[in-house]
Amino acid sequence: MDTLDRSAGEPTTLCVTALLTWDHRTPEFTGHQRHPTTLNPPTIHKQPPKKSDLHYPPGNQPQKPHVTPHKINPVLHNLTLTRYIAPLREGGSLPAIVEADDLGTYVIKFTGAGQGRKALIAEIITGELARRLDLPVPELALIHLDPLIARAEPDPEIQELLRASAGLNLAMDYLPHSIGYDPTTHTTDPHLAGHILWLDAYTNNVDRTWRNPNLILWHRKPYLIDHGASLIFHHNWPGAPATLTRPYQAQDHVLINDHPDLKAADTALAPRITHDLLTEVTRLIPDQWLTDEPGFPTPDDVRTAYTDHLLARATNRAWLPELPR
Ligand SMILES: Nc1ncnc2c1ncn2[C@@H]1O[C@H](COP(=O)(O)OP(=O)(O)OP(=O)(O)O)[C@@H](O)[C@H]1O
Ligand SMILES: [Mg+2]
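Being a predicted model, the structure only gives us computed values, none of them experimental.

Moving on to the pairing of strand β3 (residues 105-109). Within β3, four of the five residues are buried, which leaves it mostly tucked inside the rest of the structure. By the bridge criterion, four bridges tie strand β2 (residues 96-100) to β3 in an arrangement that is antiparallel. Paired with isoleucine 97 across the two strands is valine 107, which belongs to β3. The hairpin turn running from β2 into β3, its antiparallel successor, is four residues long, and leucine 103 in that turn takes a positive phi close to 70 degrees.

Written as C-alpha cells, this is what we have:
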C-alpha cells in the first residue's frame, strides 16, 4: 500500500510529461497532461506489435506481457484521512491526493461529489472484478473523512466537498509519476487490449475512450482507473433487464486500434465470472452506500441484484461488440 516504499529502487527513467506530474516529496502540483479535445477521433493505423518489439531479456519472457499478478485482500482496508494534499483538478469529480493514517498517499473519490455514491459503488465492483481477472488496477480502500479537516482548506469549493463527504469515501493507491495513456503514441498488445475491452464491454464502461482514456502508465505499465461511469444499469433498476444484452458501443474505445483479441478474452474471462466471485466483490461495498435504494429493503437485496444482473450478462454475452476487421 505504501507508494513511497514501492517506488524505491524502481528504475527512474522519466519522460518530460512524467516530470510535469505531482511529486509526493515536494507537495506542489505543477500541471498535468490533458488530451487534446478535437471534434473527431484521430485516425490511427497501428500494426500489431512484433515479438521483437517487446525487448524482454532472453530466457525471461513472461507468459502474459504487461499483466502483473495482484495480491487480493478479502476486504478493503479501512483508512482515516489525515491530510488533504492537493486536488486533481482534471478529474470531473474533483478527486484529490490525500495522506492517510498508514502514511500512504491515495487518490480520494468523494461521496459528496456530483456523481454520488453510485459512482463509488461502480469503482469498487468494476475495479475489484478487474483485479480478480488479473487486470492491473491500483489497490482500493475505504477512507474515513472527518469534516473538521475542511477548516484548514482555503478553497470554498473544496471545503464544501469535504463537508459533504463526511464519513466513508473511496481511496485508491496513488501512483506517483504516472502519466496519462496517449493512444496516438502508446501501444497495447492485442492480448491485454482484448482483456481490457472485454471488461469494459461486460461492465458497460463508457469512459475509456480516446477522449478520456482512464488508463495511466506507471513504471511503463498500464493501470486501469476511473470506473465510476460503468454499470450504467444501476441508475435505473426497473429498466436494467432491458439492457442485459444491448451491444456495447466500442468504436470510441481507447484501445480499438490495437487489434484487441476479444475472442481470446471472452474465452478466458467469461468462465471466471461466477456467482461466488460476484458475491465476494459486492460484499466489499459498505452497507451505508446501499441503503435507501428504492425497491430494495436491505443492502443485501441490492448486492443480490448486482450479482444476478452481472451473472446474467456473463451467461448471455450478446452485448459483445462487433469489431472492425
Ligand atoms: N491512482 C492514481 N494514481 C495517480 N494518478 C491518478 C490516480 N487516479 C487518478 N489519477 C489522476 O487523476 C485524474 C483524475 O482521476 P479520475 O479520472 O479517476 O477522476 P474523475 O473525476 O472520475 O475524472 P473524469 O473527469 O474522467 O470523470 C486521472 O486522469 C489521473 O491523471
Ligand atoms: Mg477520468
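Our focus in this paragraph is the packing of helix α5 (residues 190-202) against helix α6 (residues 262-269). Relative orientation of the contacting elements α5 and α6 amounts to 65 degrees, with a least axis distance of 8 Å. Seen along the crossing, α5 lies across α6 with a hand that is right-handed. The segment α5 lies against α6, with His191, Gly194, His195, Leu197 and Trp198 engaging Leu262, Ala264, Ala265, Asp266 and Leu269. When grouped by side-chain class, the residues that make up the contact of α5 with α6 number six nonpolar, three polar and one charged.

Further remarks concern the site of ligand 1. In the vicinity of ligand 1 lie 21 residues, with Gly91, Gly92, Ser93, Leu175 and Asp226 positioned nearest. The residue inventory of the shell around ligand 1, partitioned by class, reads nine nonpolar, nine polar and three charged.

A word on the pairing of strand β5 (residues 167-173). Of all the seven residues making up β5, five are buried; the element is thus mostly covered by neighbouring parts of the structure. Bridge count for β3 against β5 is four bridges, and the pairing is antiparallel. Its bridge partner being in β5, lysine 109 is matched across the sheet by leucine 170.

Another point: unusual backbone geometry. The phi dihedral of arginine 220 is positive, around 65 degrees, even though this residue is not glycine. Classification of arginine 220 by C-beta neighbours within 10 Å gives exposed; the count is 11. Here aspartate 226, not a glycine, exhibits a phi torsion of approximately 60 degrees, which is positive. With respect to the helices and strands, the residue aspartate 226 is situated in the loop between β8 (221-224) and α6.

Conventions adopted
Residues numbered from 1 in each chain as written. Chains lettered and ligands numbered in written order. Predicted model: local features only at pLDDT ≥ 70, side-chain atom pairs only at ≥ 80, totals over all residues. Buried ≥ 20, exposed ≤ 12 C-beta atoms within 10 Å, placed from the backbone. Helix = DSSP H or I, 4+ residues; strand = E, 2+ residues; numbered from the N terminus. Pairing = 2+ DSSP bridges. Axes fitted to C-alpha atoms, helices over the stretch in contact; angles between N-to-C directions. Left-handed = near helix turned anticlockwise from the far one by under 90°. Contact = placed C-beta atoms within 7 Å. Nonpolar A, V, L, I, M, F, W, Y, C, P; charged D, E, K, R; others polar. Near = placed C-beta within 6 Å.

Everything listed is a geometric property; what it means functionally is a separate question.
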